[in-house]
Amino acid sequence: MAAEFLETTSLRTPCNELNCECKEGFKYITNFGGDNVQCEKCPLNQARSQDGWRCVSCPTDAVFNPVSLKCNACPDLPVEREIDGRIVETGQVCRVCTNSTFRVGNRCERCTAYLSLDPSLTNCQCPVTNRKGGLCFASTITPDFNVPLTSGDVASLYLSEHLEAAYTMCQSKQNSTACIILSNLCALTWYEFDGTNANRACNMYKEIEANTPESLPMLYYEEGNGDRILEDTSQTTVYTFSPVSYLNFYVARYTINGEFLGVSPVTGGLLQLCTDTTKRLDAAYTFGTYYSQSNKLSQFFILLNQQLDLKFTRNDAEQMYRTPLRILNYVSSGSSVNTGSDAQDWQLVRRFFLVDNVASGPVSPPEYVRYVKSIEIIVRLTETGDGTIYPPYFNIEYDQVSLTSANEGATISPTFTVTYWMTQIKFRRDFQIATGTLSTLGVLYAGYRAWVWSKRAGKLAIDFGTILNFIFFAAGSLANVFFIISFGIAFYFLVFYKDQDVLFLFHLRDLAEEEWLALFGSAFALKALQIVHLIVIQCTADVFFIDWERPRGAGQVTDSKKPTGSVSIWRTYFVANEWNEIQTTRKVNHIFQIFAVVFFLYVVGFENVATKDPNGSVIKDSTEYMAAMSTMFRYGIAGSVYLIVGVVQWIFFTFIYERFVEDAIRQFVDLCSMSNISVFVMAHAQFGYYIHGRSVHGRADTNMKEMFEMMKREEEDLCGQRGLVPNTDNQTFMMSLPRKLRLKYEQVMLPVALENAGAVGAPKGKNTANEKQVEAYAVINRFLSAFIDHSLKDLDYVVKDKTLMESIMDTEFFDASEKGIFYNDDGHSFDNCLFYGNEGTLLLFDTLLFCIIDLIATNFVLAGVITYIIIEIIAIIRRSGGEKNLAKKTLVDERFLI
């Protein structure tokens, strides 16, 4: 709208809207916007100037029009100011723009220097062949400008059009936009530098940087000081898990043509090419969360150059720290310096791009699309343990895909990860000290066990058998040591990583984690060797059932009218079958064990605790990001649950089930007493276990009526006690046997062994081996019976208790070479020859087996199934081997062992 005034100089404009203007023929005196406008009428025959603040005379070619109060149209261009800005004295003239100027709207402007670089040009119109990036160059020859690929490079049309212009304007005019473009183009070439090639963007950048560094955005950190840059401790921000801390990264964004888009937080997936919910994308910056994301993409985005800053605290004030970037594709004079492990050699930079679909080819659109193949954020904890960190840095690797493949549906799989690291020097030193010290103690203990074995085996000197057993004892001992260390470390990191408030601990990685994994694997392998050794020892033990029954007189008849001139073998067969059945009896029910462990880990969700993030809850929101599972944490939680369930089962079995339901081991001892059968077990040549099953009634081969009467008399305490020593109830003993007894036993068994060996290829119908077996059974039965009854003149024994030291060290200090020693025990020491007495070893093996399978498969259900199958296979092997050994050593036909 317009304001109309009288010929006065101070009247206010009568307007109530946003702004008022003076009418034609009036000039402004003041103009503060709105109605704060004052106007003054121009003198007669003068028009208002173009800017409205002056009154000017019209040129002779454009006379004043009294009706419109304007000058008539000028044939060319009405000019009120000279090229140098001076006001035209006559007010207004009509002029034509000269060769050194060009028309812009209603004015002539001088040709700028960059449009007149070619002295042959006579006007401001630059030939097309001379135009590059908006500038006019004298030469039409364009050098070859290339951008790198992962193998080789490719000519770039975009660089050919813009690099020289950006370099020229940045160098000669210090134009900030041109300098930003040059910086962007340097980042586009992955900071590739070659001192012999001046046509590289980064060579041009460094040339300007050496002369006028203040005009350039900073791209490079000081070369050769990567370690010093990354060890900066000026940041004082304390990061915690409670309350949760975040990595506050901010990014300054620029388009490829140098336009500044602003500073933004990186949340919302700004740095992630993969798509997901904002909640999951932002989980990458939750401090302590080991983040990993990888998706297949078929669509590509525009190029964006960015530089990162981290908000941190220094001297109680919030500041921005320029985040170092490590471009893994960086090449300097043909050397890939950033791929090495020594940070001192790295060349760290400040700017990067996500996707380049502009500059990678000699044509438009380009041949290739280059993109960020992987971004890894490394966050390192300082040694102070107070929650402070060193400057985080980015590992960035680029790759490319041809545009043809992209248009045909080819996909890429970019990854975005966040990892945390702490110095592991102290940990590795402690780890090595603990492993070395405990392993030394373990080997010494294995040597001690080998000495005990050789003593019990009657070895007079170190032989191959002693060395072999030492190896197996060492395997078992070291397996326990390695399990304690590996599980202890896993449990420690699981508990303290999840429960820490101020950060002092991160997950192990690289060499430290590899060493831990090696120890874990070694623990399982060595424990497996121990199980093999255990099975071999148990399946080669010498077992014999002493039948105390004596035949009744010839012609004597029992109440059942059956002659009893001989002793029935069925009692021995029955006891042998019971022994065969309890060989693989265990205190832990492995079906319930596997079911309970899988239930707690998989169904209840304890496995959710094993993620690499601060969240230690069992139940997690499905909409939240689930960090990757930690092998160490899974081992810690799985091992804990497996051992806890096993120990609970053992406590229940020992203190409740055995007391109130069934005690298979003690029932077997009772069975021996009622069957009038003793069990003589030589686990080693001169060491074994004895179950005294001699009936207090003198016989057991009787009818049902007599059996009930005998049991009643025993219940009413009308007969003697069952113990080996009169007036005692102790029926089980550990034996330290004289060498003479072992030699006599081997002497009797040798013919049977020879006949059995010869009978393997003998024709059917030959029963020589059976005859020898029957004869040997009778001889050994009489011999051992006489030994137990103290009836052998040159072979005898004494019964005594083990000393406290002998019990603790599980050995025998007294010499039994001439006279055997029977040691009173707790009632079931003989279960050392069975799985029942080795529950700790078996449970530890099962735990390691379950965890090692989960390590491979990362699936607790599958680990449970395979563990159950392997446990059953081991039990079958033990049962089969034990059955064959039982038939061989007890001389009971294998067909009766069912």
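Residues numbered from 1 in each chain as written. Predicted model: local features only at pLDDT ≥ 70, side-chain atom pairs only at ≥ 80, totals over all residues. Heavy atoms only, no water.

Peer 1: Explain the overall build of the protein chain to me, please; I cannot follow it from the model alone.
Peer 2: Of regular secondary structure, the protein chain possesses 19 helices and 33 strands. A globule of 898 residues ought to have a C-alpha radius of gyration of about 29 Å, yet the protein chain, at 48 Å, is considerably larger. Overall size of the protein chain, expressed as C-alpha extent along the three principal axes, is 165 × 65 × 50 Å. A total of 898 residues make up the protein chain; the buried ones form 49% of that total. (Helix = DSSP H or I, 4+ residues; strand = E, 2+ residues; numbered from the N terminus. Rg over C-alpha atoms; globule rule 2.2 N^0.38 Å. Buried < 20%, exposed > 50% of the residue type's maximum accessible area, 1.4 Å probe, protein only.)

Peer 1: Where do I start with the packing of helix 10 (residues 570-582) against helix 13 (residues 664-675) in this structure?
Peer 2: Helix 13 packs onto helix 10 with a crossing angle of 170 degrees between their chain directions and a minimal axis gap of 10 Å. It follows that helix 10 is roughly antiparallel to helix 13 by the angle criterion. Contact residues: R571, F574, V575, E578, W579 and I582 in helix 10; I665, F668, L671, C672 and S675 in helix 13. Here the residues of the contact of helix 10 with helix 13 sort into eight nonpolar, one polar and two charged. (Axes fitted to C-alpha atoms, helices over the stretch in contact; angles between N-to-C directions. Parallel < 35°, antiparallel > 145°, perpendicular 65-115°, else oblique. Contact = heavy atoms within 4.5 Å. Nonpolar A, V, L, I, M, F, W, Y, C, P; charged D, E, K, R; others polar.)

Peer 1: Explain a nonpolar patch on the surface to me, please; I cannot follow it from the model alone.
Peer 2: A cluster of nonpolar side chains, F595, F599, F600, Y602, V603, V604, V861, V865, I869, I873 and I877, forms an exposed patch at the surface whose accessible area comes to about 980 Å². At the level of elements, helix 11 (590-604) and helix 19 (860-890) are the ones that each hand at least two residues to the nonpolar patch. A per-element tally of the nonpolar patch places helix 11 first, with six residues. Along the chain, V865 turns up in helix 19. Of the residues examined, V865 reaches a relative accessible area of 43% and is grouped as partly exposed. (Patch = residues over 30% accessible without salt bridge, like charges linked within 9 Å, V, L, I, M, F, W, Y side chains within 5 Å. Areas by Shrake-Rupley, 256 points an atom, 1.4 Å probe, with all protein chains shown as cover. Salt bridge = Lys/Arg side-chain N within 4 Å of Asp/Glu carboxyl O.)

Peer 1: Quick question: what am I supposed to make of the state of the cysteines here?
Peer 2: One covalent bond between the sulfur atoms of two cysteine residues makes up a disulfide. Under the defined criterion, the tally for this structure stands at six disulfides. One disulfide in the model links C74 with C94; its S-S distance is 1.4 Å. With a gap of 20 residues between them, C74 in the loop between strand 8 (70-71) and strand 9 (77-79) and C94 in strand 10 (residues 93-95) connect regions that are remote in the sequence. The disulfide bridge from C186 ends at C202, spanning 2.0 Å between sulfur atoms. Looking down the S-S bond of the C186 and C202 bridge, the torsion is 105 degrees, so its handedness is right-handed. Taken together, the residues C186 in helix 2 (residues 176-188) and C202 in helix 3 (residues 201-211) connect sequence positions 16 residues apart. Of the two residues examined, C186 and C202, each falls in the buried class. (Disulfide = S-S within 2.5 Å.)

Peer 1: Which parts of the structure should I look at to understand unusual backbone geometry?
Peer 2: Trans is the prevailing form of peptide bonds, just as negative phi is the prevailing case for residues other than glycine. With omega at 0 degrees, the peptide bond leading from S242 into P243 counts as cis. Here P243 is to be found in the loop between helix 4 (226-230) and strand 17 (249-254). In this structure, the amide linkage connecting S364 to the following residue, P365, adopts the cis form with an omega of 0 degrees. Residue position: P365 is located in the loop between strand 24 (355-356) and strand 25 (368-381).

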